[in-house]
Amino acid sequence: MMDELRELYQEVILDHGKNPRNFRHPDDANREAKGENPMCGDRFMVYLKLKDGVVEDVAFQGRGCAISTASASMMTEVIKGKTEAEAKALFETFHDLCTKDDHDHGDHGPVDEDAMERLMVLSGVRQFPVRVKCATLAWHAMNAAIEGEDKASSE
Amino acid sequence: MDTQITLPTFDVERVRADFPILSRTVHERKGKPGKPLVYLDSAASAQKPRQVIDAMTRFLEEDYSNIHRGVHFLSQTATDQFEEARRKVARFLNAPSERNIVFTRSATEAVNLVAHSYGRTFLSEGDEIIVSVMEHHANIVPWQLLQMDKGIRIRVVPVDEHGVLDLNAYEDLLSDRTKLVAMTHCSNVLGTVTPAKIIARMAHERGVPVLFDGSQAAVHGVVDVQDIDADFYIMTGHKLYGPTGTGVLYGKYDLLKKMPPYQGGGDMIESVSFEGTTFKAPPARFEAGTPAITEVIGLGVALDYMEKLGREAIAAHEHDLLQYSTQQLSQIDGLRVYGTAPGKGPIISFTLEGVHPHDLGTIVDQYGVAVRVGRHCAEPLMERFGVGATARASFALYNTRAEADALVESVIAVKEFFGA
Ligand SMILES: Cc1ncc(COP(=O)(O)O)c(C=O)c1O
């Protein structure tokens, strides 16, 4: 198997893709937003329980490819317990990770470095421009939910 | 010496030599050679033979100018070639005359033309249009726009689990309210070829005109619009080995004559004044503005190319690839083919259990295999089969059994990769 593919589909991604974490609809969620990729039909709902500006719970449901599912799954793990500002900073930083060369990454305020370390496995999408949307789909929905929107605006 | 040489009827290697792009490789990387391109996405758009590329270059270098406008030498030359392309299209469809052929920018524009011009003139609230569940969005959304405008209803003919059109349901849907049938002649997802002649006859028994979306059908078989008795027939040039920016609307002349212009502008008018403007007769009436001159001429050459190879021979070659690939793919555990109608076109939509089509597409691409993944602009059909997306391999006159093997091998690699 080619190196580039191994890079894209790392074991962690395959694992999260097959066994997504927080794949559920929490009863007490108070925000939700839809993320949809019209090109491939991937569709996720992201659910948040926000309390006093903190993400107390985050989960998702829907169907998607290995990349989008793994990214959504990992997102739920790193976002939980963050403040809204921290979650948004992670979103922006992760977006840069997927779309820009290292030296072009912007400063989006303090981010959880450990979380970014874990999310590094998804940076392989940079070599596959058409797959970037997969990696960022649930993140856009999460960001929309924080903003109080009910669906991610399609870029 | 007297050696008898019998040439094979369809020499695919010689055909391939006509398509420059097919000799390229993809995904070259530092120090590593690329993979030979295995292009199985011709249903999205076909590659172009040297003959088409050369004809367009030659036209641009030697004969180019605007058409229908100048008295000068080049304008006449260009006009002659453009109109010659119209005659070629008419022959290709066995239309009674080139007057029946309207050039548009695409199949999409051709459907919009009919929806706009015919639809807005002859349909009103409560009238119904019948389509099938396997339409491309290009043959759904223009009718929905008409629906919003006019309050018409869209009725949908279902398909069975093989993707065969349900003619009984069609019969039941036909009524006094039906004012138009707009139906695919070949599904771009399932490959199903619909019984156009029967569909038209059933509609005509009630005096209802029929439009066929032949975007796929015209590529893979011989289409005779008079034999079908189609009222409108639509094609798109870029799938016919021609350039983008070319579409064809065939219409029965008495229908075209009744229809008002679709767009206004130059070339489609008899005379213009602010008191009132009179329009040219069809097809000019529907060709406002400067058309894709070079491309239309290129399309004519593409149709010549197909005729020269023989459309029956092309269809037979593609059918062999379809059968062979279907058989090989079906041996893969967990692989499901959508669309198993008898007599289908060379299009295979499939899913692999446990692997999302998007991931499959990315991985086979690394092996040089280009397939389409997603919803194929046919969301209602995806719903019908309860599938979010599929992978689709489509075969053209230049594909080979070796390429089918490459597809199968790459799909097996996907399966191993995901442990599916
Ligand atoms: C069946 C069918 N109809 C219509 C179209 C639209 O063609 P175009 O995009 O060239 O207008 C396509 C191709 O995408 C098609 O496969």
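Residues numbered from 1 in each chain as written. Chains lettered and ligands numbered in written order. Predicted model: local features only at pLDDT ≥ 70, side-chain atom pairs only at ≥ 80, totals over all residues. Heavy atoms only, no water.

### Thoughts on the site of the ligand
Residue and element names in this part refer to chain B. What surrounds the ligand is the set S106, A107, T108, H136, A138, N188, D213, S215, Q216, T236, H238 and K239. Within the side chain of S106, a nitrogen or oxygen atom sits 3.5 Å from an oxygen atom of the ligand. For the ligand, whose unbound accessible area comes to 400 Å², protein coverage reaches 86%. Among the residues making up the shell around the ligand, the classes are represented as two nonpolar, eight polar and two charged. (Near = heavy atom within 4 Å. Polar contact = N/O pair within 3.5 Å; in protein donor to acceptor, adjacent residues only side chain to side chain. Areas by Shrake-Rupley, 256 points an atom, 1.4 Å probe, with all protein chains shown as cover. Nonpolar A, V, L, I, M, F, W, Y, C, P; charged D, E, K, R; others polar.)

### Some words on the sheet that holds strand β16 (residues 372–374) of chain B
Residue and element names in this part refer to chain B. Judged by pairing direction, the sheet is antiparallel, and its four strands sit side by side in the order β13-β14-β17-β16 without closing on themselves. Two strands close off the open sheet at either side, each with one partner strand: β13 (335–338) and β16. Going across the sheet, the axis of each strand differs from the next one's by a mean of 30°, ignoring polarity. As judged from the four bridges shared by β13 and strand β14 (residues 347–352), these two strands associate in the antiparallel manner. Across the sheet, L335 pairs through a bridge with L352, a residue of β14. (Pairing = 2+ DSSP bridges. Helix = DSSP H or I, 4+ residues; strand = E, 2+ residues; numbered from the N terminus. Axes fitted to C-alpha atoms, helices over the stretch in contact; angles between N-to-C directions.)

### Here's the deal with the UniProt feature "domain: NIF system FeS cluster assembly NifU N-terminal" (unreviewed entry) in chain A
Per the UniProt annotation, the sites labelled "domain: NIF system FeS cluster assembly NifU N-terminal" (unreviewed entry) are residues 9–91 of chain A. Counting secondary structure, residues 9–91 of chain A comes out at 36% helix and 33% strand; the distance between its end C-alpha atoms is 21 Å. (UniProt positions renumbered as here; feature names shortened; annotations may be inferred.)

### Some words on helix α6 (residues 132–147) of chain A
All names here are of chain A. For α6, which comprises 16 residues, the first-to-last C-alpha distance of 22 Å matches the rise-based estimate of 22 Å (1.5 Å per residue) to within 8%. Roughly 30° is the biggest bend found in α6, and it falls at A138. Burial analysis of α6 places 14 of its 16 residues in the buried class, which makes it a mostly covered element. Trailing α6 by a residue or two, G148 shows a phi angle of about 85°, which is positive. (Expected span 1.5 Å × (residues − 1). Bend = angle between axes of the 7 residues up to and from the residue. Buried < 20%, exposed > 50% of the residue type's maximum accessible area, 1.4 Å probe, protein only.)

### Things to note about the sheet that holds strand β9 (residues 232–236) of chain B
All names here are of chain B. Taken in spatial order, the seven strands of this open sheet run β4-β10-β9-β8-β7-β5-β6, and their pairing is mixed. If you trace the sheet from one side to the other, it starts and ends with β4 (101–104) and β6 (153–157), each paired once. This sheet shows a mean twist of 20° between the axes of neighbouring strands, independent of strand direction. Note that strand β5 (residues 128–132) and β6 share five bridges and pair parallel. Counted as the bridge partner of I130 is R155 from β6.

### Observations regarding the interface of chain B and chain A
Of the residues lining the interface, 18 residues belong to chain B; the matching set on chain A comes to 26 residues. For the pair chain B and chain A, the two sides together bury roughly 1900 Å², of which 56% comes from carbon and sulfur. Broken down residue by residue, the surface that chain B buries against chain A is led by H358, R375 and F417 of chain B, which jointly contribute 34%. Taking the shortest distance from any N to any O, the salt bridge between R131 of chain A and D359 of chain B comes out at 2.9 Å. Contributions of two or more residues to the side of chain B that touches chain A are made by α13 (357–366), β16 and α15 (401–418) of chain B. Of the residues assigned to the side of chain B that touches chain A, the class counts are seven nonpolar, six polar and five charged. (Contact = heavy atoms within 4.5 Å. Buried area = accessible area lost by both parts, 1.4 Å probe. Salt bridge = Lys/Arg side-chain N within 4 Å of Asp/Glu carboxyl O.)

### Focus: the packing of aromatic side chains
The relation between two aromatic rings is expressed through the spacing of the ring centres and the mutual angle of the planes. Residues and elements named next belong to chain B. Considering all chains together, one arrives at 16 aromatic pairs over all chains under this definition. Plain terms: the ring middles of F59 and Y64 are 5.8 Å apart, the flat faces sit at 80° to each other, and that makes the pair edge-to-face. Using a relative accessible area of 0% as the deciding quantity, one classes F59 as buried. With relative accessibility at 39%, the residue Y64 sits in the partly exposed group. Ring plane angle 65° and centroid distance 5.4 Å describe the contact between F82 and F103, whose orientation is recorded as edge-to-face. Taken together, the positions of F82 in helix α3 (residues 73–92) and F103 in strand β4 put the pair 21 residues apart, joining distant regions of the chain. Across the pair, exposure class does not vary: F82 and F103 are buried alike. Joined through ring pairs, the aromatic side chains of F19, Y241, Y305 and Y398 make up one cluster. Its guanidinium or amino end placed over the ring of F122, K258 lies 4.9 Å from that ring's centre, counting from NZ or CZ. Directly above the aromatic system of F92 lies the positively charged group of R311, at a separation of 3.5 Å from the ring centroid. (Phe/Tyr/Trp six-rings, centres within 6.5 Å; stacked < 30°, edge-to-face > 60°. Lys NZ or Arg CZ within 6 Å of the ring centre and 35° of its normal.)

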